[in-house]
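Letter by letter, the chains look like this.
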Amino acid sequence: MKSKPSMTLDRVLSRLGWASRTAAREAIRAGRLKVNGRVVRDPECWVQPEHDVVQLDGQRLRPARKIYLLFYKPKGVITSHGDPSGRKTVYDFLSSLGEEGKWVAPAGRLDKDTSGLLLLTNDTEFAGFVTSPESHVPKTYLVKASGLVSDETVARLNAGVEMKRGDFAKPLSVRRVEDRGKYTWLEVVLTEGKNREVRRMIEAVGFKVLKLVRTRIGPLTLEGLEVGKWRALTAAELDALRRRRRVALF
């Protein structure tokens, strides 16, 4: 981590790879952090990482081992830490990672009713690159629409549509996969990350999404992975994403 002269305590945890900003704030408010020997419960407390001694659960913070996971999220599972309603979260599937599994965060969320590929990491800069629209990392979705979608409607989606809130969706591509019975399956590729964008753009042309699966992020796919299972990214997969990152920077 290239340390700034000073930053807030929650950002220190995030930059070191120990927590998302949200999880860092929870840990700080719970009294798990000490700065120069004193418990600090204010996430906005300013510290100097180069000079101050920051401890988490009594252990001095060092840069965490970078973790990059590919998870096949089931439908009905949420992507947050814990849930007051007792619903399953992605972290229930990461128990074998122990404490490290608590510190990874999704690089681009999926809503409860969407299944498919979810990238989790404690590398916040890497996650920021993957999710930023400026990086143009394509995300591919398989969509079951609530009726038969005409060629004209597919063309309209490809041209871009205004959604209900007044914002605009411009997918990289939309193509018909197949018509099956009364329904059309579409493949939608986006480089944006607007909230529930696929569902909202399909609604903008008069249909509902009956099923939604994210099948790909850049070069990453679900091939060989069962629902509810995860695996670490391979060195080749990481290198492919990092090459894309270098191209985006220049």
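Because the structure is predicted, anything quoted here is derived from the model rather than measured.

(A) Main features of the environment of Arg 165. You can see Arg 165 is positioned in the loop between β11 (161-162) and β12 (168-169). According to the relative accessible area criterion, Arg 165 is exposed, its value standing at 58%. Separated by 16 residues in sequence, Arg 165 and Val 149 have C-alpha atoms that sit 23 Å apart. The residues touching Arg 165, leaving out its near neighbours within four places in the chain, are Asn 195 and Arg 200.

(B) Quick peek at the confidence of the model for the chain. Per-residue confidence for the chain gives a mean pLDDT of 89, with 96% of residues at or over 70. Counting interchain partners and residues more than four positions distant, the pLDDT-below-50 stretch residues 246-250 has three contacts.

(C) Spotlight on the sheet that holds strand β5 (residues 54-56). Pairing within the open sheet is antiparallel, and its four strands lie in the order β3-β2-β5-β6. Each edge of the open sheet carries a strand with a single partner, namely β3 (38-39) and β6 (59-60).

(D) Structural view of the side chain of Lys 139. Relative to the elements of secondary structure, Lys 139 occurs in strand β10 (residues 139-145). In this structure, Lys 139 is buried with no salt-bridge partner, the nearest side chain bearing the opposite charge being Glu 197 at 9.3 Å. Of the polar contacts made by the side chain of Lys 139, one reaches the backbone oxygen of Val 130; its length is 2.6 Å. For Lys 139, the residues in contact, after removing those within four places along its chain, are Val 130, Thr 131, Val 188, Val 189, Leu 190, Arg 214, Arg 216 and Ile 217.

(E) Up close: the pattern of salt bridges. Scanning all chains against the criterion turns up 13 salt bridges. One salt bridge connects Asp 113 with Lys 112, and the closest N-O pair in it is separated by 3.2 Å. A relative accessible area of 34% means that Asp 113 is categorised as partly exposed. Among the ionic pairs, Lys 194 bridges to Glu 192, the shortest N-O distance being 3.8 Å. Residue Lys 194 is classed as partly exposed on the basis of its relative accessible area, which comes to 29%. Several salt bridges converge on common partners, so that one network encompasses Asp 10, Arg 25 and Glu 44.

(F) Just the pairing of strand β13 (residues 173-180), in detail. Alignment of β13 against strand β14 (residues 183-190), held across seven bridges, turns out to be antiparallel. When the sheet's bridge partners are listed, Arg 176 is paired in β14 with Leu 186. The loop that links β13 with its antiparallel partner β14 comprises two residues; one of these, Gly 181, has a positive phi angle of about 65 degrees.

(G) Structural context of helix α4 (residues 151-159). For α4, every residue scored as buried is listed here: Thr 153, Val 154 and Leu 157. Each buried residue of α4 sits inside an arc of 105 degrees when the element is viewed along its axis, so together they form one side. Every exposed residue of α4 that faces more than 90 degrees away from the buried side is listed here: Asp 151, Glu 152 and Ala 159. Tucked inside the fold, the buried residues of α4 contact β11, β13, β14 and α5 (197-204). Downstream of α4 by a residue or two, Gly 160 has a phi angle that is positive, lying close to 105 degrees.

Conventions and cut-offs
Residues numbered from 1 in each chain as written. Predicted model: local features only at pLDDT ≥ 70, side-chain atom pairs only at ≥ 80, totals over all residues. Heavy atoms only, no water. Helix = DSSP H or I, 4+ residues; strand = E, 2+ residues; numbered from the N terminus. Buried < 20%, exposed > 50% of the residue type's maximum accessible area, 1.4 Å probe, protein only. Contact = heavy atoms within 4.5 Å. pLDDT = per-residue confidence, 0-100. Pairing = 2+ DSSP bridges. Lys, Arg positive; Asp, Glu negative; His and termini not counted. Salt bridge = Lys/Arg side-chain N within 4 Å of Asp/Glu carboxyl O. Polar contact = N/O pair within 3.5 Å; in protein donor to acceptor, adjacent residues only side chain to side chain. Arc of directions from axis to C-beta.

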